[in-house]
Amino acid sequence: MFLANTDARSGCRTDVKLKCEGALEMWDARTGEIVPKCGINRKGSTRIELDFPAAGSFLLVLNPSEDGRTVSRQYQAQASLREIPLERTWAIAEQSLNALTLDFCRCRVNDREWSTPLPVWKAREIIQAAYGNSDFALEFSFRADLDAAGKQVHFVVETPEKFQFEINGRRLSFRDEGYWVDVSFRKMMVGEYLVRGENRIILSGKFEKDMELESCYLVGEFAVEQRKNEFVLSERPQVLREGNWVEQGYPFFCGSITATQNISLPTLPEGPPKPEEHRRAGRAYLEFQKVNAIVVEIRVNGKVVDPLLWQPWEREVTELLQVGENRIEVKVVNSLRNLLGPHHHRKGELLRVNPGSFSDESNWVDSYSFVPFGFVGARLVWKQDENFRHLGKQIRT
């Protein structure tokens, strides 16, 4: 029997009753571990009380041929004995290259006047309408509030062999330095050509029937600040506050950021409990109130804990802590959503996306929509096991 909580925001406690007696097992579909005889046999039925986390699930197997009456225990949430909130500010230990999506441009066909700024897909429609007589140019502009020379800054574009390039008035040949994110996204180092203030990159060429005109990207060692109606390149931060990192310089970011801090512990929780002491043993967990990421990897004093993929946002770290200084590292990985969009749908984040979602004029807004990225409410919690611990050996080296 597979039971799931379909509420992504709230947990619940449920009493499950099966109309036959037997040995009830709980299977962990992720690790393969089996917790035997976890129900209560009474008057021809088997019962178990389950604490579901938000969007959580349980897989139960009942074997009627085995006697389950010898065990009387439930799967319940663990009682907290002690909590230590971690600092809200985290140092950045490692991070992938940041990105700025350039999805607005001015366009020109032949020697006509430049258009006003418009979405790249609209520029493509204008150029396609003039097919057969269309030398074209696309101008992408952005501001920089940093010295990019000497930094790793790339311009990323699809099918670069079909374009001529000009950066701040300097004509360049595209020097292909490999791909980024996708094999069709080719990159070229451009930091030495950028200036403080306004920057302009022009792509020009002769339109061909199968030519793709898509958004371009700046990728590199910078932060991206949203200032009123524009995005500005700035110096990368050294620290991040827990919360939404989209608002702290990473709106278009895709990749991973490792945040770290040290915490001093004068004492430790008790070690692994003996069976007769099971109810009195304290165990230590690293918990998060909320995580906005695809996956989170945790290291405690250099040892890796199984990744967080879904709620509950916690992992046991009892065996990894030590008296004195402890280093906590949290590697947060997000998706391509904030890089690729769709960014401009009036409904914001869509449950279903198709190619038309990126250029739906009837629902288009010029403002940007992003999904949150980061975590909130990190803390160490010592818990007392009410009956038996969470499934799965969670520590690996």
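All of the points below concern the structure found in this document.

Calculation rules
Residues numbered from 1 in each chain as written. Predicted model: local features only at pLDDT ≥ 70, side-chain atom pairs only at ≥ 80, totals over all residues. Heavy atoms only, no water. Core = buried A, V, L, I, M, F, W, Y, C linked by side-chain atoms within 4.5 Å. Buried < 20%, exposed > 50% of the residue type's maximum accessible area, 1.4 Å probe, protein only. Helix = DSSP H or I, 4+ residues; strand = E, 2+ residues; numbered from the N terminus. Contact = heavy atoms within 4.5 Å. Pairing = 2+ DSSP bridges. Phe/Tyr/Trp six-rings, centres within 6.5 Å; stacked < 30°, edge-to-face > 60°. Lys NZ or Arg CZ within 6 Å of the ring centre and 35° of its normal.

Okay, the nonpolar core next. Most often, soluble globular proteins have nonpolar side chains that are buried together. Counting 76 residues, the largest nonpolar core has F155, L218 and F288 as the members making the most contacts within it. Examining the composition of this core, we find that five residues originate from one element, strand β13 (residues 135-144), more than from any other. Not counting chain neighbours up to four residues away, the residues in contact with F155 comprise L102, F165, F174, R186, K187, M188, V190, I201, L203, C216, Y217 and L218. L24, M26, V35 and F52 belong to the second largest nonpolar core, which has eleven residues in total.

A separate point is the pairing of strand β30 (residues 324-333). By the bridge criterion, ten bridges tie strand β24 (residues 256-265) to β30 in an arrangement that is antiparallel. Bridge pairing in β30 links S264 to E325. For strand β27 (residues 295-300) and β30, the ladder comprises six bridges, and the chain directions are antiparallel. The residue bridging E297 from the neighbouring strand is K331, located in β30.

We now examine the packing of aromatic side chains. In this structure the tally under the stated criterion is 21 aromatic pairs. Pairing F52 with F58 gives two aromatic rings, centres 4.8 Å apart and planes at 85°, and the pair type is edge-to-face. Here the two residues F52 and F58 agree in accessibility, since each one is buried. Note on F253 and F373: the rings are 5.7 Å apart at their centroids and 15° apart in plane angle, and the pair reads as stacked. A residue pair is termed long-range when its members are at least 10 positions apart, and F253 in the loop between β23 (239-241) and β24 and F373 in the loop between α2 (337-340) and β31 (374-376) qualify at 120 residues. Considered together, F253 and F373 belong to a single accessibility category, that of buried residues. These aromatic residues form a ring-pair network of at least three members: W90, W245, Y250, F253, F288, F373 and F375. Sitting over the face of the ring of W382, R82 holds its NZ or CZ atom 4.8 Å from the ring centroid.

This part takes up the sheet that holds strand β17 (residues 179-180). With antiparallel pairing, five strands are arranged side by side in an open sheet as β10-β20-β14-β18-β17. Of all the strands in the sheet, just β10 (98-102) and β17 have a single pairing partner and so form its edges. Across five bridges, β10 lies against strand β20 (residues 216-220) in antiparallel orientation. Each bridged residue has a counterpart across the sheet, and for L102 the counterpart in β20 is C216.

Here we come to the pairing of strand β22 (residues 230-234). With four of five residues buried, β22 lies mostly within the body of the structure. Where β13 and β22 come together, two bridges link them in parallel fashion. Bridge pairing in β22 places A144 opposite L233. What sits between the antiparallel neighbours strand β21 (residues 223-227) and β22 is a turn of two residues, in which K228 has the positive phi angle 55°.

Looking now at the environment of D182. Along the polypeptide, D182 turns up in strand β18 (residues 182-189). Residue classification places D182 among the partly exposed positions, given a relative accessible area of 34%. Put simply, D182 and E158 are 24 residues apart on the chain and 9.6 Å apart in space, counted from C-alpha to C-alpha.

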